[in-house]
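What follows is each chain in one-letter form.
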Amino acid sequence: MYYYEIYIENNRGIYTYKSKEKYEIGQWCIVNFINRDKMGLILAMTEESKIQLDISKIKKIKEAAPVLSIPDNLMQLIKWIRNYYISDYYSVIKAVYPGALKLNYSKKAIYQKDFLENEYLIGEDNSENSLDEIKKFNDYMKKRKEVTIATLKKNFSSKIVEKAINEKVISIEKKVILNSKISKGEKKKSEIAEKEIILNDEQQKAVDTIKNSENQIFLLKGITGSGKTEIYINLIKESLKQGFGSIFLVPEISLTVQMIQRLEEEFHNEVAILHSKLTDKEKREEWTFIRNGEKKIVIGARSAIFAPVQNLKYIIVDEEHENTYKQENNPRYHVKNVAIKRAFLQNDNLEEDETVKSKKIKVILGSATPSFETYYQAQQGDIELVELTKRYKNAKLPKFEIVDLNETAENFSEKLLDKISQTLQKNEQVILILNRKAFSNLLKCKDCGNIPTCPNCSISLNYYKYDNQLKCHYCGYETQFNSTCDECGSHKMRQIGAGTEKIEEELVGLFPSARIVRVDSESIKTKQNYEKVYNDFKNHKYDIMLGTQIIAKGLDFSNVTLVGIINADIILNFPDFRASEKTFQLLTQASGRAGRGEKDGEVIIQSFNGENDVIKKTIESDYEGYYKNEMIIRKMLNYPPFGRIVILVISATEENLAKEKAQTLRKEIVKNIDTVVKLTTNNFISDTFKSPIYKINGRYRYQIFFKFERENILKIKKIIKKCAGKFQKMEKKLRITIDVDPINMM
């Protein structure tokens with residue numbers, strides 16, 4: 001008898017089952033759980049001697065499920081994510097395995113024997129019609145062997161079906177139906193475009209370095225427009241010809257449209273697409289094609305890191321600095337860390353032989369502005385640094401100009417308006433960026449000072465003029481705006497702070513003949529929307545693209561010669577130690593959209609704080625200089641990459657309960673930590689404090705901030721996991737979330 005530790009679908013616990021059959025780790029099976037058949041995933045085999053239960057009471061696995069298994073290397077990765085990010089199997093498996101796997105049941109009629117025509121007449125008068133129906137029934141069931149009762153009753157009278165059941169001509173069984181049918185299409189022959197990508201000397205050197213190096217992890221640091229994509233495609237193409245696969249990750253769904261077009265031009269039907277906007281059915285279909293080896297190249301956003309690519313050779317993380325690579329809900333993994341761990345796990349499992357070098361997975365982290373943590377690792381020699389210092393096809397870097405917003409009362413300075421006008425006159429295109437959606441970010445009553453706030457969250461409501469609605473960006477609350485103050489009834493409501501809606505309205509008034517498209521999460525909601533806007537702008541159906549930071553990343557439009565940053569200070573003022581780094585990255589990436597073709601580009605940066613070091617270093621294109629300045633501060637404060645951070649958030653619908661229990665939990669954690677680590681300036685636990693956004697979706701939130709030396713963090717995480725887990729079991733009204741290596745400090 002074999003014993004297995006099994007994850008049960010939609011359940012957080014792990015359960016022991018037994019079977020005479022041998023199952024593999026990662027295999028799906030069907031088990032009885034609380035009197036219902038459910039899907040189970042084999043996590044581990046266990047020995048009978050280690051089971052602390054009555055062996056006789058352990059249930060048996062019913063049967064193997066007709067579903068593709070999860071490969072062993074991904075099962076190892078699931079376990080690592082669960083431990084490293086202090087998560088659970090339920091959350092991690094949902095992230096790794098695509099779509100909902102639901103078990104449906106159908107009553108099936110199973111053929112057992114024929115009616116005896118001379119004994120089992122149906123009609124009371126032994127009519128000929130009854131004999132005909134018996135013959136038809138016998139022929140039908142002999143041919144099909146198994147049909148649903150519903151189908152049987154469509155073809156035959158209820159009387160003959162009931163008689164067949166009573167006389168054991170058919171038996172009735174409940175059969176499992178899995179919602180994972182795959183559309184069957186004709187398998188097309190693999191194709192690779194034969195057109196040659198001409199690399200410059202710098203690009204060729206980068207390709208040769210990555211291919212021939214003994215190292216596994218690379219940082220491809222190339223200025224905007226330096227042709228990193230051509231390097232990626234060159235490596236993917238060569239590895240595909242040798243039978244290897246690749247995963248290509250982009251930070252935003254908007255970027256997948258551009259990259260899908262590039263990859264499909266090169267690799268045709270070898271490309272699979274995975275991202276959050278796909279339906280469960282679409283995800284399952286792509287996952288199955290990948291798992292079966294029918295598709296060897298995967299492109300997608302965050303979740304594509306879990307694609308079960310056969311003979312995986314390259315994992316490419318493009319724009320690796322982007323915050324969207326960090327999952328904001330459980331499991332709170334970071335794609336970069338998962339990619340590196342996946343490569344190490346798979347490479348460790350390779351058998352040592354002369355071909356082992358060619359089989360090793362390599363991870364390429366690409367960016368013009370790498371995260372400071374990644375660049376620090378490259379400086380320390382943990383990651384191999386490969387640099388590109390020239391733009392592809394000798395395109396020039398754009399010219400910068402800073403405009404002081406203190407000298408204008410409007411959202412657009414005269415300088416920016418003049419430049420937009422000149423660009424449009426030359427039949428060239430403009431990208432304008434404001435990292436704030438809505439029409440205005442709040443309303444304020446001029447008479448009583450009241451600001452409409454979300455009833456569920458401690459945050460002001462954003463005003464959307466087109467829908468005439470007030471919306472909360474955190475819980476999704478919406479209400480119609482009736483143009484009056486809820487407190488005093490005044491009609492004098494002032495709009496404060498401009499969002500993309502308001503800027504769009506102003507642009508329409510200023511440039512009535514210009515064709516303008518707005519791109520933010522309110523205006524672009526589906527993959528079809530993204531694809532249409534991208535292609536329309538590329539084909540010059542629009543003159544101006546206005547949007548939030550999603551249009552600042554990686555998009556390549558050769559006719560864009562002007563980029564305008566409406567307000568560079570928005571991210572800079574966030575209460576986050578990475579705020580200035582994020583601003584530097586956004587400004588550099590945004591400016592990189594200008595002058596990518598043969599025409600020269602210009603960038604206008606509007607700011608209330610033009611003397612800020614971040615803005616100065618951006619226009620000087622001085623990444624290294626800014627990095628060095630920032631590292632001095634981070635080392636002094638023991639912030640990453642020097643120290644490690646964990647944030648614990650305790651929330652409840654009752655304000656006093658949240659505060660009281662957060663303080664109790666902190667005391668318990670501190671008491672346990674005191675036994676293993678001495679608390680110092682660098683090994684620090686904050687007091688409990690209100691989260692920067694105190695209330696979200698009706699829950700009051702308190703935080704505990706942990707900052708520790710790297711060598712101590714494993715011990716600290718074990719204590720946090722133990723104390724928080726124990727506390728959560730006792731306090732059902734509380735919700736405890738743990739964020740390891742957080743990106744969002746809010």
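Okay, so let's go over this structure. A quick note: this is a predicted structure, and the numbers were derived from the prediction, not measured. (Residues numbered from 1 in each chain as written. Predicted model: local features only at pLDDT ≥ 70, side-chain atom pairs only at ≥ 80, totals over all residues. Heavy atoms only, no water.)

**Structural notes on the side chain of Asp-37**
Quick note on the threshold: Helix and strand labels come from DSSP, where a helix needs a run of H or I of at least four residues and a strand needs a run of E of at least two; each type is numbered from the N terminus. Accessible area is worked out with a 1.4 Å probe on protein chains only. A residue is then buried under 20% of its type maximum, exposed over 50%, and partly exposed in between. Here a polar contact is taken to be a pair of N or O atoms separated by no more than 3.5 Å, where protein atoms must pair a possible hydrogen donor with a possible acceptor and residues adjacent in sequence count only if both atoms sit in side chains.
Inspection of the secondary structure puts Asp-37 in strand β4 (residues 36-46). Here Asp-37 falls in the buried class, since its relative accessible area comes to 15%. At 2.8 Å, the side chain of Asp-37 forms a polar contact with the side chain of Lys-62.

**Quick look at a positive patch on the surface**
Stated formally: Residues enter patches when they are more than 30% accessible in relative terms and free of salt bridges; like-charged ones are connected within 9 Å and nonpolar ones (Val, Leu, Ile, Met, Phe, Trp, Tyr) within 5 Å. Method for areas: the Shrake-Rupley scheme with a 1.4 Å probe, in which residue coverage is limited to the protein chains shown. The term salt bridge refers to a side-chain nitrogen of Lys or Arg lying within 4 Å of a carboxyl oxygen of Asp or Glu. For this count, His and the chain ends are skipped, Lys and Arg are scored as positive, and Asp and Glu as negative. One atom stands in for each charge, and that atom is NZ of Lys, CZ of Arg, CG of Asp or CD of Glu.
A cluster of like positive charges, contributed by Arg-36, Lys-107, Lys-153 and Lys-174, occupies part of the molecular surface. Here Lys-153 shows up in helix α4 (residues 149-155).

**As for the packing of aromatic side chains**
Applicable threshold: Any Phe, Tyr or Trp ring, taking Trp's six-membered ring, that has another such ring centre within 6.5 Å forms a pair; planes under 30 degrees apart are called stacked, those over 60 apart edge-to-face, and the others tilted. Note on criteria: charge over ring means Lys NZ or Arg CZ within 6 Å of the ring centre, with the direction from the centre no more than 35 degrees off the ring normal.
The tally for this structure, following the rule as stated, stands at 29 aromatic pairs. The interplanar angle of 50 degrees and the centroid separation of 6.0 Å between the aromatic rings of Phe-372 and Tyr-626 together place this pair among those described as tilted. Residue Phe-372 is located in helix α12 (residues 372-379), and its partner Tyr-626 is located in helix α18 (residues 623-637); the two are separated by 254 residues in the primary sequence. For Tyr-626, a relative accessible area of 4% puts it in the buried group. It is Lys-690 that lies over the ring of Tyr-694; its NZ or CZ is 4.6 Å from the centre. Above the plane of the ring of Tyr-639 lies Lys-707, whose end atom (NZ or CZ) is 4.7 Å from the centre.

**Here we look at helix α10 (residues 335-348)**
What counts here: The length a helix should cover is 1.5 Å for every residue beyond the first.
If you check α10, its first and last C-alpha atoms are 20 Å apart, about what 14 residues at 1.5 Å a residue would give, namely 20 Å. In terms of burial, α10 is largely enclosed, as 10 of its 14 residues are buried. Along α10, the residues that are buried comprise Val-335, Lys-336, Val-338, Ala-339, Ile-340, Arg-342, Ala-343, Leu-345, Gln-346 and Asn-347.

**Here's the deal with α12**
Test applied: We call two residues contacting when some pair of their heavy atoms lies within 4.5 Å.
If you check which residues of α12 are buried, you get Phe-372, Glu-373, Thr-374, Tyr-375 and Ala-378. The inward-facing, buried residues of α12 contact β9 (217-222), α10, β14 (362-367), β15 (384-388), α16 (579-591) and α18. A positive backbone phi angle near 90 degrees is found at Gly-381, which sits one or two residues after α12.

In short, the description is geometric, and any link to function would need to be established separately.
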